[in-house]
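Residue-level structural notes
Letter by letter, the chains look like this.
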Amino acid sequence: MFEDLKKILDEQLHLNGMEITKESRIKEDLGADSLDVLQMLMTIEEEHGIVIPDEELASFETVGDILNYLEKNQKK
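Structural notes, computed from the coordinates. Since the model is a prediction, treat every value here as computed from it, not as a measurement.

Re the packing of aromatic side chains
If you walk through the whole model with that rule in mind, you get one aromatic pair. Considering the side-chain rings of F60 and Y69, the 5.7 Å spacing of their centres and the 70 degrees angle between planes classify their relative orientation as edge-to-face. Each of the two residues, F60 as well as Y69, counts as buried. In this structure, K22 is placed above the aromatic ring of F2, and the distance from its NZ or CZ to the ring centre is 5.5 Å.

Brief notes about the packing of helix α1 (residues 2–13) against helix α2 (residues 34–48)
At a minimum axis separation of 10 Å, α1 and α2 run at an interaxial angle of 140 degrees. On the basis of their axis angle, the class for α1 and α2 is oblique. Of the two elements, α1 crosses α2, and the hand of that crossing is right-handed. Residues D4, L5, I8, L9, Q12 and L13 of α1 form the contact with α2, whose own contacting residues are D36, Q39, M40, T43, I44, E47 and H48. Taken together, the residues that form the contact of α1 with α2 break down as six nonpolar, four polar and three charged.

Reading the values: the criteria
Residues numbered from 1 in each chain as written. Predicted model: local features only at pLDDT ≥ 70, side-chain atom pairs only at ≥ 80, totals over all residues. Heavy atoms only, no water. Phe/Tyr/Trp six-rings, centres within 6.5 Å; stacked < 30°, edge-to-face > 60°. Buried < 20%, exposed > 50% of the residue type's maximum accessible area, 1.4 Å probe, protein only. Lys NZ or Arg CZ within 6 Å of the ring centre and 35° of its normal. Axes fitted to C-alpha atoms, helices over the stretch in contact; angles between N-to-C directions. Helix = DSSP H or I, 4+ residues; strand = E, 2+ residues; numbered from the N terminus. Parallel < 35°, antiparallel > 145°, perpendicular 65-115°, else oblique. Left-handed = near helix turned anticlockwise from the far one by under 90°. Contact = heavy atoms within 4.5 Å. Nonpolar A, V, L, I, M, F, W, Y, C, P; charged D, E, K, R; others polar.

Structure representation (structure tokens):
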């Protein structure tokens, strides 16, 4: 799942293969703004068939935060 998430981040944020780790901060390290985050999460929702509540969005600071949420909430 981490590799899928990295691919989405790379495409959505135009990172051109920049190294992404679980500790990468979405806004500070990867340069995402609020709109980027929203578009990225919409893509994740579509690809993984889940809905991420708005109140969860504010808690996502790192790539690992998103990954943890996906792993806990993915459909079996």
